[in-house]
Amino acid sequence: MNHPGGPYDIIFVGGGAAGCVAAGQLAATNPGLKVLILEAGPHSLNVETHVQPVRYIANLLNPNKLRKSFTLHVAQPSEAVANRKIIVPAGRVLGGGSSVNFMVYTRASASDYDTWEEVHENPGWGSKDLIPLLKQIETYTLPIYNSTHGTDGPIGISYPTDSLNVAQQFLEVVAKYDKDRLVKEDWNDFNTGDAYGVWPKYIDDKTGRRSDTAHNFIYNQADNKNLTFLTESRGVRVVFEGTRAVGVEYITENGDSSSYAYASKLVVLSAGSFGTPAILERSGIGAPDVLRKNGIAQLVDLPGVGERYNDHNIVFTHYAASSEADSVDAVVHGPEEALAAHITQWKETGKGWMSRNGTDAAFKMRPTTEELKTMGPAFQKRWKDFFEAFPDKPVVLGGPMAVEADVAVYRWMYKHLREIARRMPFYRGELLEWHPTFPAGSGAVCKPENEPVGIDAPKLVYTAEDDAAIDDYHRRMIGTAWHALGTCAMKPRDKGGVVDSRLNVYGTTQLKLADLSICPENVGANTYNTALAVGAKAAVLIAEDLGLNSKYSL
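Reading guide: rules and limits
Residues numbered from 1 in each chain as written. Predicted model: local features only at pLDDT ≥ 70, side-chain atom pairs only at ≥ 80, totals over all residues. Heavy atoms only, no water. Pairing = 2+ DSSP bridges. Helix = DSSP H or I, 4+ residues; strand = E, 2+ residues; numbered from the N terminus. Contact = heavy atoms within 4.5 Å. Axes fitted to C-alpha atoms, helices over the stretch in contact; angles between N-to-C directions. Salt bridge = Lys/Arg side-chain N within 4 Å of Asp/Glu carboxyl O. Buried < 20%, exposed > 50% of the residue type's maximum accessible area, 1.4 Å probe, protein only. Parallel < 35°, antiparallel > 145°, perpendicular 65-115°, else oblique. Left-handed = near helix turned anticlockwise from the far one by under 90°. Nonpolar A, V, L, I, M, F, W, Y, C, P; charged D, E, K, R; others polar.

Visitor: In this structure, what is going on with the sheet that holds strand β7 (residues 182-183)? I would like to understand it.
Guide: Backbone hydrogen bonds hold the strands of a sheet together, and the pairing may be parallel or antiparallel. As summarised here, the arrangement of the four strands in space is β7-β8-β17-β18, forming an open sheet in which the pairing is mixed. Every other strand in the sheet has two partners, leaving β7 and β18 (396-398) as the edge strands with one partner each. The pairing of strand β8 (residues 195-198) with strand β17 (residues 361-365) spans four bridges and is classified as antiparallel. What sits directly across from tyrosine 196, in β17, is phenylalanine 363. Lying over the sheet, helix α6 (residues 165-177) contacts β7, β8 and β17, oriented at roughly 155° with respect to β8. Here helix α14 (residues 407-423) sits on the sheet and contacts β8, β17 and β18; the angle it forms with β17, its principal contact strand, is near 140°.

Written as C-alpha cells, this is what we have:
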C-alpha cells in the first residue's frame, strides 16, 4: 500500500468548489494541520482554458475538448424530454464547478436557507448564519446598496465598466415594456425575487481572471508544506475500522492498483452530487437493495444516499441581431490564432474580450396574477405550495441567455422574453432551429428576417396549437443547467437524510460531507454561491469539532 506523506489529519476526497474552500481555509489558519486533497481531475493552475473567463462557453459547448476536466453523466431516457438521454456534465478539475462554470454571481433567496433550517431541521443553516459567511468570502467591487456584501474576501466579484450593448439595450427595453417589474441596482440582495438588473461576475476586476476556489484557497498556499493535493486521483471508497472512517482508497489516472491514504482526525467527502453518493455506496453505506445488487457488503443502512437528485433546467432561444450588437461569437468560435491580440490585452491589462462571460444582464421573475392564470392548475398548485408565501423566491432565473422551470413556466417565459427581444432595436428575427415550429398560418410563426416593433406594439397571439408547439420545443431542447445537488441530503435520518446538521454521515464517526450533495432543498439561484456557503460553513463546523482555528465566524 502506498502512503504518500501520511498519515494526514484530514483527507478531503474531491477538490471541488466547496471542498477547496473548506480545506484551504482550515489549512491556512492551522499551519500545522496535515491536509490532503484527492481530486479526480487535473490541475487548473494558470491553465488559460480555465482562468480566461470567455473560454467557458466553448468548454461547455464541447466538454470533450477538455476531456479530463469534465465527467459526463448520461441520464435514462424519459418521455418528459422526448425520450432523450440528457447528458449532465460535472466539473472534474481542481476547483470543480468554480473552474468551469458561467461565473455569474447569483445568490439564493433568504427563504431558501431558512427552509433548510426550519423545515428540514438544520440549526445554524438559516440565512442569518450563512449570509455573514458569504460576506466574509467575497470582495464585491460594484456599488453597494445594502449590508449583504463583503469587501475584503478572497473571491472577487466585478462588473465591466464597458458592458455589452446588448445587455444595456435589454435593460432599457424592459424598463419601458415591463410595467410590473423594476430594474434594480442590486437584485442579489437575498430578498428580491422579481426584478431585472446587471449581472455581476465571479471575475477579478484587476486581473480579469476567473474567481475560482482553486486559485484563491489552494494554489495561493504553495509554501504550506502541510497542504497536499493530488490530482488525477479518484476516491474509490472510505476505509473504516468498524464504523469509524480512518482513510481512503483511491486510484490514479494511470495506476494499475489502488493506493491508500489515512487520516487520524477526519475524512471529508466533497466529490460532488454524483461522486459523493457513489463513494458512500462503494463503502457500504446506502440502500440495502442498491448495495446487494452491486455485491457490496452493507456497513450502514442509509437509503437516502443517491436519492432526490435536484437540478435546474435550461433552454436557449437564439435571435438574429444587427451588426451593431456586441457579440462574443468571434472570440468563442473563431480560430485560436485570431485570439493573440485579445490574449495579450488580457495579460497586460486584465481587460478585453478574454475577461468577459457574455452575460451582462439578468433577472429573477415571478408571474403576475394575470400571468398565473395562464399557467394551468398543475403549476398553480405548486405556486400555492412553494412560491406564494415567499416573495423572495423567483420562479425563473435567467438573462438574455437562459430560462429555468417546468413546462408551463417555460411557455410563459418564452412568450415574455420573445416580446422583449422583438422590442430591442438590435432584433432582426429568430434563428429558426432555436425556436418552436408553429403551425402554418399561425400569427406567432417565427421569421428568420424581421424588424423590431415599438414598445407599445400588440403582443403576439398564441393559439392552443401554438402552445403545444412551444411545449414540444422545450421537451426536445431542455437540458441541464449544471446545478446538480441534494443527493446526500442534510435532513433527519428518518426523513431520508444522509448527514446531520454538523455534516456527519449517519451511522459513522470521523466522516463528514462538504459539497452540494448535502442541500436538503433546491435554491433559486446559480449554485456556485451556495457551494461557497457550504464550504465556509463546513470549515466552521470542522474547526469547532476538532478544536481548530477558523477564519470564518458566525
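There is more to say after this.
Visitor: I would appreciate a short explanation of the pattern of salt bridges in the present structure.
Guide: Between side chains of opposite charge, a pair can form as their charged atoms come close. What the rule picks out here adds up to 30 salt bridges. Its salt-bridge partner being aspartate 162, residue arginine 356 comes within 3.1 Å of it at the nearest N-O pair. Taken together, the residues arginine 356 in the loop between α11 (340-349) and β17 and aspartate 162 in the loop between β6 (155-157) and α6 connect sequence positions 194 residues apart. What makes arginine 356 buried here is its relative accessible area of 10%. Taken together, the salt bridges that share partners define one network made up of Asp162, Lys201, Arg356 and Asp360.

Visitor: What exactly am I supposed to notice about the packing of α14 against helix α15 (residues 464-477) here?
Guide: A pair of packed helices is characterised by two quantities: the angle between their axes and the separation of those axes. For the pair α14 and α15, the least separation of the axes is 10 Å and the interaxial angle reads 110°. Viewed along their axes, α14 and α15 adopt a mutual orientation that is roughly perpendicular. In this structure, α14 meets α15 at a crossing whose hand is right-handed. Between α14 and α15, the contacting residues are Val407, Tyr410, Arg411, Tyr414 and Lys415 on the first element and Asp467, Ile470, Asp471, His474 and Arg475 on the second. In terms of residue class, the contact of α14 with α15 is made up of four nonpolar, one polar and five charged.

Visitor: Would you take a moment to explain the environment of leucine 532 for this structure?
Guide: Residue placement: leucine 532 occurs in helix α16 (residues 528-546). Residue classification places leucine 532 among the buried residues on the basis of a relative accessible area of 1%. Distance in space between the C-alpha atoms of leucine 532 and tyrosine 56 is 20 Å, their sequence separation being 476 residues. When neighbours within four sequence positions are excluded, leucine 532 is seen to be in contact with Val21, Leu134, Ile137, Ile155, Tyr202 and Thr213.

Visitor: I keep staring at the side chain of lysine 393 and nothing clicks. Help me out?
Guide: Looking at where lysine 393 falls in the secondary structure, it is placed in the loop between α13 (376-387) and β18. Setting aside its immediate chain neighbours within four residues, lysine 393 contacts Ser109, Ser111, Asp112, Thr115, Gly193, Arg366, Phe386 and Phe387.

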